Amino acid sequence: MRVTLLGTGDTTGTPTVGCDCTTCERATARGVERSRFSVHVENDRTGESLLVDCSPDFRHQFLTQDVPLPDAALVTHIHFDHLDGLGNAYRLFDDLPVHATDVVDPATGESVAETIRRKYDYLDRVSVHDHAPHERVRICGLDVRFVPVDHPPLLCYGVVVEDPETGAKCALTGDTSFDIPDESRAALAGADLLLADAIVPASLCEHHPHGGSHRNAEGVPRTFGTKHMTREGALELAAELDTDRTRLVHLAHFYPAEEAFAEPLAVDGETYDL
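Everything numeric here is computed off the predicted structure, so don't read it as measured data.

**A few points about the overall build of the protein chain**
Okay, step 1: For the protein chain, the helix and strand inventory stands at six helices and 16 strands.
Okay, step 2: Computed over C-alpha atoms, the radius of gyration of the protein chain comes to 17 Å, within 12% of the 19 Å expected from 2.2 N^0.38 for 274 residues, which places it in the range of a compact globule.
Okay, step 3: Referenced to the eigenvectors of the C-alpha coordinate spread, the extents of the protein chain come out at roughly 50 × 40 × 40 Å.
Okay, step 4: Counting all 274 residues of the protein chain, 57% fall into the buried class.
Okay, step 5: Within the protein chain, counting contacts between residues at least 6 apart in sequence, those at least 24 apart form 63% of the total.
Okay, step 6: Surface exposure of the protein chain reaches about 11,300 Å², of which carbon and sulfur atoms provide 47%.
Okay, step 7: Of the side-chain charges in the protein chain, 23 are positive and 47 negative, and the distance between the mean point of each set is 2 Å.

Right, dumping it as structure tokens:
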């Protein structure tokens, strides 16, 4: 299983358009980018591949990264930076199966799958497939599960991808606070590679209107506001889940420049063979 990080940034990416902060300037000088979130997973046994989330930067990502177009896609939730790249499927695919969850979200009155079906009804070459949370489904020769996480006010899911032949396991937290349900934590545990939401360092929580939450015993906030883990929260989660390797993703340009490119913060284009 080969995992390629196509997009490792948050909703504005790094560099952010029109921004002259030191972090964005340093990213440009280094020639690195954190575009909107997306992960490519290739099954090297079958030659098939799947895409986790459809970034608005889809076109740029597939033109600049050496990966094939996906045979299927997964969508974790309906926020712009995870879904709105699906329109790029127009004229590129004979059929693109898109997989999402079937639970009706009280905030929207429809499931993630239903939202995709309604919003992209004009894409006749996209077929939407509904799945229950924690249901194990075989996609591109890989076993895939959507696991509920915590990203208010919308329902959101992490993803577990496992190779049934080799046992290789990649886990993605999805957009989430530190308050991930126990059953989902158990599903995410023991991964060869964990991709964990870590939007900013905990030190920046003082700038959020809601501050920080889910503080640890030392008082360090593990959630920035209510929706995303801090770097410290993501690293604590990774230690709890006993993962072999962790990369922090969904990163904002608000990281101080001296911290923004330190390990284990990811940048676009990283690849991992599991």
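**Things to note about the packing of aromatic side chains**
Okay, step 1: Per the counting criterion, the structure on display carries three aromatic pairs.
Okay, step 2: Aromatic pair Phe-58 and Phe-62: ring centres 4.6 Å apart, planes at 35 degrees, arrangement tilted. You can see Phe-58 and its partner Phe-62 sitting in helix H2 (residues 58-64), four residues apart, about one turn around the helix. Each member of the pair, Phe-58 as well as Phe-62, is classed as buried.
Okay, step 3: Measuring from centroid to centroid gives 6.0 Å for Tyr-120 and Tyr-122, while their planes differ by 45 degrees, and the two rings are tilted.
Okay, step 4: One residue, Arg-185, lies across the ring of Phe-178, its end atom 4.7 Å from the ring centre.

**Examining helix H4 (residues 112-119)**
Okay, step 1: If you check which residues of H4 are buried, you get Val-112, Ala-113, Thr-115 and Ile-116. Considered in projection along H4, the buried side chains sweep an arc of 165 degrees and stay on one side of the axis.
Okay, step 2: In this structure, the buried residues of H4 make contact with helix H3 (80-83), strand E5 (96-101), strand E6 (126-131) and strand E9 (157-162).

**Details of the pairing of strand E12 (residues 212-215)**
Okay, step 1: Sheet topology note: the E12/strand E13 (residues 221-224) ladder contains three bridges and is antiparallel. Each residue of the ladder has a partner; that of Ser-213, found in E13, is Thr-223.

**A closer look at helix H6 (residues 231-241)**
Counting along an α-helix, one turn takes 3.6 residues, and residues three or four places apart therefore face a common direction.
Okay, step 1: Regarding H6, the residues found buried are Arg-231, Gly-233, Ala-234, Leu-237, Ala-238 and Leu-241. Buried residues in H6, looked at end-on, bunch into an arc of 165 degrees, giving them a common side.
Okay, step 2: On its buried side, H6 packs onto helix H5 (182-188), strand E11 (193-197), E13, strand E14 (228-229) and strand E15 (246-249).
Okay, step 3: At the C-terminal side of H6, Asp-242 shows a positive phi close to 55 degrees.

**A closer look at the sheet that holds E14**
Okay, step 1: Read across the sheet, three strands follow the order E12-E13-E14 without closing on themselves; strand pairing throughout is antiparallel. What marks the edges here is a single partner per strand, and that holds for E12 and E14.
Okay, step 2: Of the pairings in the sheet, the one linking E13 to E14 comprises two bridges and is antiparallel in character. Paired with Phe-224 across the strands is His-228, a residue of E14.

Thresholds, definitions, all that
- Residues numbered from 1 in each chain as written.
- Predicted model: local features only at pLDDT ≥ 70, side-chain atom pairs only at ≥ 80, totals over all residues.
- Heavy atoms only, no water.
- Helix = DSSP H or I, 4+ residues; strand = E, 2+ residues; numbered from the N terminus.
- Rg over C-alpha atoms; globule rule 2.2 N^0.38 Å.
- Buried < 20%, exposed > 50% of the residue type's maximum accessible area, 1.4 Å probe, protein only.
- Contact = heavy atoms within 4.5 Å.
- Areas by Shrake-Rupley, 256 points an atom, 1.4 Å probe, with all protein chains shown as cover.
- Lys, Arg positive; Asp, Glu negative; His and termini not counted.
- Charge placed at Lys NZ, Arg CZ, Asp CG, Glu CD.
- Phe/Tyr/Trp six-rings, centres within 6.5 Å; stacked < 30°, edge-to-face > 60°.
- Lys NZ or Arg CZ within 6 Å of the ring centre and 35° of its normal.
- Arc of directions from axis to C-beta.
- Pairing = 2+ DSSP bridges.

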